[in-house]
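Residue-level structural notes
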Amino acid sequence: MELFWRAAAAVLITVILSLCLERYEKAAAVMLTLFTVSLVAILAVSYLEPVMTFAKKLCTVGQLDENMLEILLKAVGIGLIGEISSLVCSDSGHAVLGKVLQILCTAVILWLSLPLFEQTLELLQEVLEGL
């Protein structure tokens, strides 16, 4: 948890430094921001590693198909990329493009999730037939 607080502080410091640098050297401010974003992204991935290990263990114990885990991870990835891209669009003055991108991401996630919905429906039908 300590790394989280350090990363949050680094982001805030980067914002302040970037605002100061922007007046004199815009390229340096952008590079500083990209550097910080990269470090925070690496940290975020390190936090997701134990989650992946648990999800794989859950698939093994529950005898679930690994494809289902893959679908869930793709959906999460699409959602995160869509959110970040939408924020970038909004910050650059193109909020409408950001919103339409979010709609596209939602549609893709729903399309991607169809096999999960189909398996859920099959399971529900089996349970109802057993009653």
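Our structure's up above, just so we're on the same page.
Notes on the structure in this doc start here. Since this is a predicted model, take the numbers as computed values, not measurements.

**Quick notes on helix H4 (residues 95–112)**
With 18 residues, H4 should reach 26 Å at 1.5 Å per residue; the first-to-last C-alpha distance of 25 Å fits that figure. Those residues of H4 lying buried are Gly 98, Cys 105 and Leu 112. Projected down its long axis, H4 shows its buried positions confined to an angular sector of 50°, all on one face. Opposite the packed face of H4, turned more than 90 degrees from it, sit the exposed residues Val 96, Lys 99, Ile 103, Leu 104 and Trp 111. Structurally, H4 contributes buried residues whose contacts are with helix H3 (66–91) and helix H5 (114–129).

**Topic: helix H2 (residues 26–61)**
For H2, spanning 36 residues, the distance from its first C-alpha to its last is 53 Å, which sits close to the expected 52 Å at 1.5 Å a residue. The largest bend in H2 is about 25°, located at Leu 48, with the proline Pro 50 one to four residues further on. For H2, the set of buried residues is Ala 29, Thr 36, Leu 43, Ala 55 and Cys 59. Next to the buried residues of H2 lie helix H1 (2–22) and H3. Phi turns positive, to about 50°, at Gln 63, one or two residues after H2.

**Notes on the nonpolar core**
Within the largest apolar cluster, five residues are counted, these being Met 68, Ile 71, Ala 75, Leu 112 and Leu 116. Sequence-distant contacts of Met 68, defined by excluding residues within four places in its chain, comprise Pro 115, Leu 116 and Gln 119.

**Considering the packing of H1 against H2**
Relative orientation of the contacting elements H1 and H2 amounts to 170°, with a least axis distance of 9 Å. In this view, H1 runs roughly antiparallel relative to H2, as classed from their interaxial angle. Together, Leu 3, Phe 4, Ala 7, Ala 10, Val 11, Thr 14, Leu 17, Ser 18, Leu 21 and Glu 22 of H1 and Lys 26, Ala 28, Ala 29, Leu 32, Thr 33, Thr 36, Val 40, Leu 43 and Tyr 47 of H2 make up the contact between the two elements. Class assignment for the residues of the contact of H1 with H2 results in 13 nonpolar, four polar and two charged.

Definitions and cut-offs
- Residues numbered from 1 in each chain as written.
- Predicted model: local features only at pLDDT ≥ 70, side-chain atom pairs only at ≥ 80, totals over all residues.
- Heavy atoms only, no water.
- Helix = DSSP H or I, 4+ residues; strand = E, 2+ residues; numbered from the N terminus.
- Expected span 1.5 Å × (residues − 1).
- Buried < 20%, exposed > 50% of the residue type's maximum accessible area, 1.4 Å probe, protein only.
- Arc of directions from axis to C-beta.
- Contact = heavy atoms within 4.5 Å.
- Bend = angle between axes of the 7 residues up to and from the residue.
- Core = buried A, V, L, I, M, F, W, Y, C linked by side-chain atoms within 4.5 Å.
- Axes fitted to C-alpha atoms, helices over the stretch in contact; angles between N-to-C directions.
- Parallel < 35°, antiparallel > 145°, perpendicular 65-115°, else oblique.
- Nonpolar A, V, L, I, M, F, W, Y, C, P; charged D, E, K, R; others polar.

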